Structures are given as C-alpha cells and as structure tokens.
Amino acid sequence: MLIGKLVTLRPVQRAAITGYLKWFNDTEVTKYLDIHFPMTEMSGIKDIEALGTSTETTYIPFIIEIVDGQKSLPIGRIDLYDLNHKDHSASVRIIIGEKQYWNKGYGTEAAGLIIKFGFEQVNLHRISSSVMSINERSIRMHTKVGFRQEGIRREALYKNGAYHDEVIFGL
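Bear in mind that the values here come from a model prediction, so they are computed numbers and not experimental data.

Rules used throughout
Residues numbered from 1 in each chain as written. Predicted model: local features only at pLDDT ≥ 70, side-chain atom pairs only at ≥ 80, totals over all residues. Heavy atoms only, no water. Buried < 20%, exposed > 50% of the residue type's maximum accessible area, 1.4 Å probe, protein only. Helix = DSSP H or I, 4+ residues; strand = E, 2+ residues; numbered from the N terminus. Arc of directions from axis to C-beta. Contact = heavy atoms within 4.5 Å. Salt bridge = Lys/Arg side-chain N within 4 Å of Asp/Glu carboxyl O. Patch = residues over 30% accessible without salt bridge, like charges linked within 9 Å, V, L, I, M, F, W, Y side chains within 5 Å. Areas by Shrake-Rupley, 256 points an atom, 1.4 Å probe, with all protein chains shown as cover. Lys, Arg positive; Asp, Glu negative; His and termini not counted. Charge placed at Lys NZ, Arg CZ, Asp CG, Glu CD. Pairing = 2+ DSSP bridges. Right-handed = clockwise from strand over helix to strand, strands pointing away.

Caption draft 1: Local environment of helix α4 (residues 136–144). For α4, the complete set of buried residues consists of Ser138, Met141 and His142. Buried residues along α4 cover an arc of 100° about the axis, so they all sit on one side. The outward face of α4, more than 90 degrees from its buried face, is lined by the exposed residues Glu136 and Lys144. For α4, the secondary structure elements touched by its buried residues are β5 (89–96), α3 (106–120), β6 (126–132) and β8 (162–170). Downstream of α4 by one or two residues, Gly146 has phi in the positive range, about 105°.

Dropping the structure here:
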C-alpha cells in the first residue's frame, strides 16, 4: 500500500468490480483509452481475479482510493506494466474513473506515488508512458510529475472515428 496526502494506492481487490463496471462503461471516462467495447460483469470479474492471482512479475496494478469520512472510496486505477527487469524499465497508465475527482490533483499524486515506488522499490531506471494527443488533462499531469515528451507517433491511435497522434513520454 502506498499512502499520499490525497490518495492511497492499494492492491486490486474483488470489491473493485462496481467501480470497474461504472468506469469502463462510461464513454466520457474511456474517451482517451484503448477501449472499444463495453465491459461485462463477467469480463470485469475475470480481469480483477487475474490481477489478484497473477504471479507475473511484469505487471503491478493498484486501485486509487481516497478517504471520504471514515470510508475508503475507489476512484481509479494505476498500473506499472511491461516491467523489464533486465533494463530496469516499465510503463505507467492511469485512469480516474470517478469524474467528480477530475482536475483536483488525485491523479497527479497517484502518478507521483507510483513513480517513487517504481524508482525506489522496484529499482527502475526508466518509466515511460503514452497519451492520446487530444487528452490535454493527461498531458498536463505527465508534465507536472516530471515526464518529458520524447516523441510523437503520428495518427497512431484510432478512436471515435478519427486517427490521433500518440505522445510518448519518458522519465
């Protein structure tokens, strides 16, 4: 568990299914994600169980939670993935699924926590990420936590009937 001032990053648990179904079936939330089909309850449960039982060492998922009164509220997910132990590198991705928590610093703090975890605990040398070029909020977050733009893959992503550039970041 990683604890910040605004958020806590916890291992994924089965109770996250309610949030998953809500987040991954909301077209506004998934507007910039590589998701093209609705998530069924069965596929959501399968995804969560796979995360919880995996012994794969190339993937570290967390649920982003905030404390609301006495209760923890899951608001999103953040993952270190494609861990390459030889090169000490990984990629990061994040989703804040609860829209009322957008633009309030929760994603930025979650990203900072996982970056610190990656460098200090996982012994990474490099963390990369990519963002659809029209996702201005995510581009700002990446810049705030120290990522530098390394390149652009022109018209690499197809979403909502159009091709979009993919912005590549590194840290």
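Having seen the structure, we can now continue with the description.
Caption draft 2: Structural context of the pattern of salt bridges. Under the definition given, this model contains 6 salt bridges. As a salt-bridge pair, Asp79 and Arg93 come within 3.1 Å of each other at their nearest N and O atoms. Of the two residues, Asp79 sits in strand β4 (residues 71–84) while Arg93 sits in strand β5, which places them 14 residues apart along the sequence. Asp79 sits in the buried class, given a relative accessible area of 3%. The partly exposed category is assigned to Arg93, whose relative accessible area is 38%. The salt bridge partner of Glu166 is Arg153, with a shortest N-O separation of 2.3 Å. You can see Glu166 sitting in strand β8 and its partner Arg153 sitting in strand β7 (residues 148–159), a full 13 residues away along the chain. Note on Arg153: relative accessible area 45%, which makes it partly exposed.

Caption draft 3: Looking closely at a positive patch on the surface. A cluster of like positive charges, contributed by Lys31, Arg137, Arg140 and Lys144, occupies part of the molecular surface. Structurally, the position occupied by Arg137 is in helix α4.

Caption draft 4: Focus on the pairing of β6. For β6, the tally of buried residues reaches 5 of 7 residues, placing the bulk of the element in the interior. As paired elements, β5 and β6 share 3 bridges and run parallel to each other. The residue bridging Ser91 from the neighbouring strand is Ser128, located in β6. The handedness of the β5 to β6 crossover, carried by α3, is right-handed. Here β6 runs beside β8; their pairing, made up of 5 bridges, is antiparallel.

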